[in-house]
Amino acid sequence: VAQSADIDPMIAFYRDVLGFGISDFYNKPFTACFFHLNPRHHSFALIENAKSQVHHLMMEYYAFDDMGHGWDIAQAEERVAVTMGRHAGDDMTSFYTWTPSGFMVESGWGGKCIDPETWVPGERSAGPSIWGHDRLWMPPEKRKLARDMVLRNGANGLRRPVQVIAGNHELMPGVCPWWDETMRKA
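From a predicted model like this one, the values you see are computed outputs, not experimental measurements.

A tally of regular secondary structure across the protein gives four helices and eleven strands. In terms of its C-alpha atoms, the protein occupies a principal-axis envelope of roughly 60 × 45 × 30 Å. Sorting the 186 residues of the protein into buried and exposed places 41% on the buried side. Contacts in the protein between residues far apart in sequence, at least 24 positions, make up 60% of those at least 6 positions apart. With an accessible surface of roughly 10800 Å², the protein has 59% of that area assigned to carbon and sulfur atoms. Counting 18 positive and 23 negative side-chain charges, the protein places the averaged centre of each group 7 Å from the other.

Turning to the packing of aromatic side chains, a few remarks are in order. A full pass over the atoms with the stated rule returns 13 aromatic pairs. For the pair Phe30 and Trp137, a centre-to-centre distance of 5.8 Å together with 55° between the ring planes defines the contact as tilted. Taken as a pair, Phe30 in the loop between β2 (21–26) and β3 (32–36) and Trp137 in the loop between β11 (129–132) and α3 (140–155) lie far apart in primary sequence, 107 residues in all. Relative accessible area serves as the criterion here: at 9%, Phe30 is assigned to the buried category. In textbook terms, an aromatic cluster arises when at least three aromatic residues are bridged by ring pairs, as seen for Phe13, Tyr14, Phe20, Phe35 and Phe44. Sitting over the face of the ring of Phe34, Arg124 holds its NZ or CZ atom 4.4 Å from the ring centroid.

A sheet is described by the order of its strands in space; here six strands give the open sequence β5-β1-β4-β3-β2-β10, paired in mixed fashion. Two strands close off the open sheet at either side, each with one partner strand: β5 (53–54) and β10 (122–123). As paired strands, β2 and β3 are joined by five bridges and run antiparallel to one another. Across the sheet, Asp24 pairs through a bridge with Phe34, a residue of β3.

Our focus in this paragraph is helix α2 (residues 64–76). With 13 residues, α2 extends 19 Å from end C-alpha to end C-alpha; this agrees with the ideal 18 Å at 1.5 Å per step. Among the residues of α2, those classed as buried are Met67, Gly70, Trp71 and Ala74. Projected down its long axis, α2 carries its buried residues within an arc of 105°, all on one side. Along α2, the residues that are exposed and aim more than 90 degrees away from the buried face are Asp65, His69 and Ala76. Count one or two residues on from α2 and you reach Glu78, which has phi positive near 55°.

The subject of this paragraph is the environment of Ser52. Within the element layout of this structure, Ser52 appears in the loop between β4 (44–48) and β5. On the basis of relative accessibility, which here comes to 59%, the residue Ser52 falls in the exposed class. Spatially, the C-alpha atoms of Ser52 and Asn153 are 30 Å apart, while their sequence positions differ by 101 residues. What Ser52 contacts, discounting residues up to four positions off in sequence, is Gln3, Ser4 and Ala5.

Once that is clear, we can look at the nonpolar core. Counting ten residues, the largest nonpolar core consists of Ala2, Ile7, Ile11, Tyr14, Phe20, Ile22, Cys33, Phe35, Phe44 and Leu46. Broken down by secondary-structure element, the contributors of at least two residues to this core are α1 (8–17), β3 and β4. Residues in contact with Phe44, not counting those within four places in the same chain, are Ala2, Tyr14, Phe20, Cys33, Phe34 and Phe35. Of all hydrophobic cores here, the second largest spans nine residues; its members include Val1, Phe30, Ile47 and Ala146.

Turning our eyes to something else, we now look at a nonpolar patch on the surface. A cluster of nonpolar side chains, Val175, Trp178, Trp179 and Met183, forms an exposed patch at the surface whose accessible area comes to about 500 Å². You can see Met183 is positioned in helix α4 (residues 177–185). Residue classification places Met183 among the partly exposed residues on the basis of a relative accessible area of 44%.

Rules used in this analysis
- Residues numbered from 1 in each chain as written.
- Predicted model: local features only at pLDDT ≥ 70, side-chain atom pairs only at ≥ 80, totals over all residues.
- Heavy atoms only, no water.
- Helix = DSSP H or I, 4+ residues; strand = E, 2+ residues; numbered from the N terminus.
- Buried < 20%, exposed > 50% of the residue type's maximum accessible area, 1.4 Å probe, protein only.
- Contact = heavy atoms within 4.5 Å.
- Areas by Shrake-Rupley, 256 points an atom, 1.4 Å probe, with all protein chains shown as cover.
- Lys, Arg positive; Asp, Glu negative; His and termini not counted.
- Charge placed at Lys NZ, Arg CZ, Asp CG, Glu CD.
- Phe/Tyr/Trp six-rings, centres within 6.5 Å; stacked < 30°, edge-to-face > 60°.
- Lys NZ or Arg CZ within 6 Å of the ring centre and 35° of its normal.
- Pairing = 2+ DSSP bridges.
- Expected span 1.5 Å × (residues − 1).
- Arc of directions from axis to C-beta.
- Core = buried A, V, L, I, M, F, W, Y, C linked by side-chain atoms within 4.5 Å.
- Patch = residues over 30% accessible without salt bridge, like charges linked within 9 Å, V, L, I, M, F, W, Y side chains within 5 Å.
- Salt bridge = Lys/Arg side-chain N within 4 Å of Asp/Glu carboxyl O.

Structure follows, in structure tokens:
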């Protein structure tokens, strides 16, 4: 993810010159545009910010627990830049850490794939995250706006299924342990 003070000409360059497909975008709590190059929801993004530099790069883990172990290490070393959360665009569960160079690395699991041929981009009204992702790098007023957005997502019942690949999950029996027991007793 790159950041720039004016992303509109950069969006045009990546879309019109390089042929990247737009996945989605949002304007609150900051402006961002996400691009796909393949079935991965996004492989590149632009964020509007006064600094023109790399914002972060992302490492996606095969196992959810590997990401969790990384979270434990990041907390122990006090390198957390963005707390654990789940993105509203690609449904990625992740957290971010600071590098010695001053940009972030996102560690995540469970990113969504799309069909680039039929995907229709749109504005992401839920904001950047379904839940979590307190962006410690943002000024307090923007952090509050982001926090208000995730609280509204919860109040509105925003839920998404997790994205798994073969061999990386076990299917639980029934529908819900409470519901299954209630129905068994009825």
